[in-house]
Amino acid sequence: MLNPTITDRLYENILLFLVIANLILAFIFSPFIGKLNSIHYLSGTLTILATCWMLPTVFFSRCFKYFDFIFLSTVFYYLVIAAWYVMFGVELNEVIRAYLSFLYLPMFALICSRLSKHQLKTILLALFTLGFFVALMVIPFFIQLIQAKLSYNRFTAYLDITHTPIFIIILPLCFLLLSKFKYYFVAIVIVAIFATQSKGQVLMALLVLLACEIVSNKASLVHSLKVVSLIFLCSLPTTFFNGSTDDLSSKNPANRLGDLRGDTTIHRVKEILLAKEYALKNPIFGVGPTTEFHIRGIATSENNPRQRYIHNVVMYFLATGGVVGFLVYIAPYFTVLIGGINSKENKLLLISILGSFGYLLVSATFKSIQTNMFLGVLIGCSIVYSGVGCSPKKTDG
């Protein structure tokens, strides 16, 4: 019989490999599932393998806890609802597009809650490294945008991953994983965030950075002024430039970031109002995940009449899944409070989770595989860092 220590290490290392491999894949395919491809199938296969590898430990040990019940219930709910819609004639591909990404959050949270802190630090480091690499990629593309060699539409198309909250996620990881030179990394990430010209990302990034400063340092006036100066200097290269020749990017980003009554804001408000109407039609179970949000006068709907998303995670779930669907989606987030948030690590992870969720209130990337995968990793890490996780070394079975 194998030594339990060797068995535990083998178990954890296989899970570690499957999680990191999936994280790498997440930076290859688009956040938005248009048509399933081989990368999606490979990612799904790795996730299923990791879950199946971990399930025996969940069910046949004395370490089954109520956060396990929450994660497994969430997965079961999505599978049952998906099967229900398929039985009543909805195309399988449409159901997969509607539910596939949401399975990643509870599954990755469940997997990561079974790993040790050492393993999770490796995963967080991998997530940070990949996210920082994306931040570096944004800068040369943005230079081409400034030089009118790249249109704004192509700029956002090449950098699809920046639509996810990856930059908001890795900002607290700078404080969690780095000791020296962390502000150099923070500066580069801030530059990348301003380059995306997303009002939601910029606002949440500033709030996240402020929260990280409060948690990591004894706030002083001098230090706070240094951080504010850093943010201001980082914003200058990507805020004041002449723009390029096409209509979308000819506007000065400073004007676009400050335009709270522009077309984008109007579109978001109209989407939310329509979602409210749908939610009131069936407040308990919603009108279904394949509902089309088609609103006259909204550019995205005119170009894509089969739009099945809105830019607000709360209203989307209330409209498509009702109160039940919303509670099922939100339940895994509350598991981060199970063990308390007294440690610095847990506070930084909570900032990362809350900052990402705040961004999802003005973004549609809550439907992406990447967003749910990243948040699942963070939630699982938070459970372990709080001291209530179930790595193999803690189990009795």
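See the structure above.
Residues numbered from 1 in each chain as written. Predicted model: local features only at pLDDT ≥ 70, side-chain atom pairs only at ≥ 80, totals over all residues. Heavy atoms only, no water.

A. How the structure looks around the packing of helix H8 (residues 182-196) against helix H9 (residues 199-216). One can describe the packing of H8 onto H9 by two numbers: an axis separation of 9 Å at closest approach and a directional angle of 160°. The pairing of H8 with H9 is recorded here as roughly antiparallel in orientation. Mapping the contact onto sequence places Tyr 183, Val 186, Ile 190, Ile 193, Phe 194 and Thr 196 in H8 and Gln 201, Val 202, Ala 205, Leu 209 and Glu 213 in H9. (Axes fitted to C-alpha atoms, helices over the stretch in contact; angles between N-to-C directions. Helix = DSSP H or I, 4+ residues; strand = E, 2+ residues; numbered from the N terminus. Parallel < 35°, antiparallel > 145°, perpendicular 65-115°, else oblique. Contact = heavy atoms within 4.5 Å.)

B. Looking closely at the packing of aromatic side chains. Scanning all chains against the criterion turns up 21 aromatic pairs. Residues Tyr 77 and Tyr 78 carry aromatic rings whose centres are separated by 5.7 Å and whose planes lie at 65° to one another, so their mutual orientation is edge-to-face. The same class applies to Tyr 77 as to Tyr 78, namely buried. Taking the centre distance of 6.4 Å and the plane angle of 50° together, the rings of Phe 317 and Phe 366 count as tilted. (Phe/Tyr/Trp six-rings, centres within 6.5 Å; stacked < 30°, edge-to-face > 60°. Buried < 20%, exposed > 50% of the residue type's maximum accessible area, 1.4 Å probe, protein only.)

C. Representation of unusual backbone geometry. For Phe 181, which is not glycine, the phi torsion reads 60° and is therefore positive. Relative to the helices and strands, Phe 181 is located in the loop between helix H7 (166-177) and H8.

D. Structural context of the nonpolar core. If you look at the biggest cluster of nonpolar residues, it comprises 122 residues, and the most contacted ones within it are Ile 123, Leu 124, Phe 167, Tyr 329 and Tyr 333. For this core, the element with the highest residue contribution is helix H4 (residues 92-112), accounting for 14 residues. With near-sequence residues (within four places) excluded, Tyr 329 lies in contact with Tyr 78, Phe 102, Val 313, Phe 317, Phe 357, Leu 360, Phe 366 and Asn 372. (Core = buried A, V, L, I, M, F, W, Y, C linked by side-chain atoms within 4.5 Å.)

E. Quick look at the environment of Phe 17. Examined against the element boundaries, Phe 17 turns out to sit in helix H1 (residues 4-26). Residue class for Phe 17 comes out exposed when judged on its relative accessible area of 56%. Measuring from C-alpha to C-alpha, the distance between Phe 17 and Ala 50 comes to 9.1 Å, with 33 residues separating the pair along the chain.

F. The arrangement of the pattern of salt bridges in detail. All chains considered together, the criterion is met by 1 salt bridge. A salt bridge links Arg 114 to Asp 68, with the nearest nitrogen and oxygen atoms 2.7 Å apart. You can see Arg 114 sitting in the loop between H4 and helix H5 (117-146) and its partner Asp 68 sitting in helix H3 (residues 66-87), a full 46 residues away along the chain. Grouping residues by exposure puts Arg 114 and Asp 68 together as buried. (Salt bridge = Lys/Arg side-chain N within 4 Å of Asp/Glu carboxyl O.)

G. View of the side chain of Thr 320. Within the secondary structure, Thr 320 sits in helix H15 (residues 313-320). For Thr 320, the side chain forms a polar contact with the main-chain oxygen of Tyr 316, separated by 2.8 Å. Among all residues touching Thr 320, those that are not within four sequence positions of it are Phe 285, Gly 286, Val 287, Gly 288, Pro 289 and Phe 293. (Polar contact = N/O pair within 3.5 Å; in protein donor to acceptor, adjacent residues only side chain to side chain.)

H. Broad picture of the side chain of His 311. Assignment of secondary structure puts His 311 in the loop between helix H14 (299-303) and H15. Taking the relative accessible area as the measure of exposure, His 311 reaches 13% and is therefore buried. Of the polar contacts made by the side chain of His 311, one reaches the side chain of Glu 271; its length is 2.9 Å. Residue contacts for His 311: discarding those within four places in its chain leaves Arg 268, Glu 271, Leu 360, Leu 361, Val 362, Ser 363 and Ala 364.

I. Spotlight on the environment of Phe 175. Secondary-structure assignment places Phe 175 in helix H7. In this structure the C-alpha to C-alpha distance between Phe 175 and Leu 209, which are 34 residues apart in sequence, comes to 9.6 Å. When near neighbours in sequence (up to four residues on either side) are disregarded, Phe 175 contacts Lys 182, Tyr 183, Val 186, Leu 209, Cys 212, Glu 213, Ser 216, Lys 344 and Leu 348.

J. The arrangement of helix H2 (residues 38-59) in detail. When the terminal C-alpha atoms of H2 are compared, their 32 Å separation across 22 residues agrees well with the 32 Å that a helix rising 1.5 Å per residue should span. Residue Trp 53 marks the point of greatest curvature in H2, where the axis turns by about 25°; the proline Pro 56 follows within four residues. All of the buried residues along H2 are His 40, Ser 43, Gly 44, Leu 46, Thr 47, Ala 50, Thr 51, Met 54, Thr 57 and Val 58. (Expected span 1.5 Å × (residues − 1). Bend = angle between axes of the 7 residues up to and from the residue.)

K. The packing of H2 against H4, seen in detail. The interhelical angle for the contact between H2 and H4, taken along N-to-C directions, is 40°, at an axis separation of 10 Å. Regarding the angle of H2 to H4, the classification is oblique. Handedness of the crossing formed by H2 with H4: left-handed. Here His 40, Ser 43, Gly 44, Thr 47, Ala 50, Thr 51, Met 54 and Leu 55 of H2 come into contact with H4, specifically with Tyr 104, Met 107, Phe 108, Leu 110 and Ile 111. Its residues assigned to classes, the contact of H2 with H4 comprises 8 nonpolar, 5 polar and no charged. (Left-handed = near helix turned anticlockwise from the far one by under 90°. Nonpolar A, V, L, I, M, F, W, Y, C, P; charged D, E, K, R; others polar.)

L. Layout of a nonpolar patch on the surface. A cluster of nonpolar side chains, contributed by Phe 59, Phe 60, Phe 64 and Phe 69, occupies part of the molecular surface with about 490 Å² of accessible area. As for its placement among the helices and strands, Phe 64 is situated in the loop between H2 and H3. You can call Phe 64 partly exposed: its relative accessible area is 37%. (Patch = residues over 30% accessible without salt bridge, like charges linked within 9 Å, V, L, I, M, F, W, Y side chains within 5 Å. Areas by Shrake-Rupley, 256 points an atom, 1.4 Å probe, with all protein chains shown as cover.)

M. Broad picture of H9. In a regular helix each residue adds 1.5 Å, so 18 residues correspond to 26 Å; H9 covers 26 Å between its end C-alpha atoms and thus fits that length. Here H9 has its buried residues at Gly 200, Gln 201, Val 202, Met 204, Ala 205, Val 208, Leu 209, Cys 212, Glu 213 and Ser 216.

N. Structural detail: the state of the cysteines. This model, assessed by the stated rule, comprises 0 disulfides. For the unlinked cysteine Cys 212, the closest cysteine sulfur is that of Cys 174, found at 8.4 Å. Residue class for Cys 212 comes out buried when judged on its relative accessible area of 0%. Between Cys 381, a free cysteine, and Cys 112, which holds the nearest cysteine sulfur, the sulfur-to-sulfur gap is 5.2 Å. By relative accessible area, which is 0% here, Cys 381 ends up buried. (Disulfide = S-S within 2.5 Å.)

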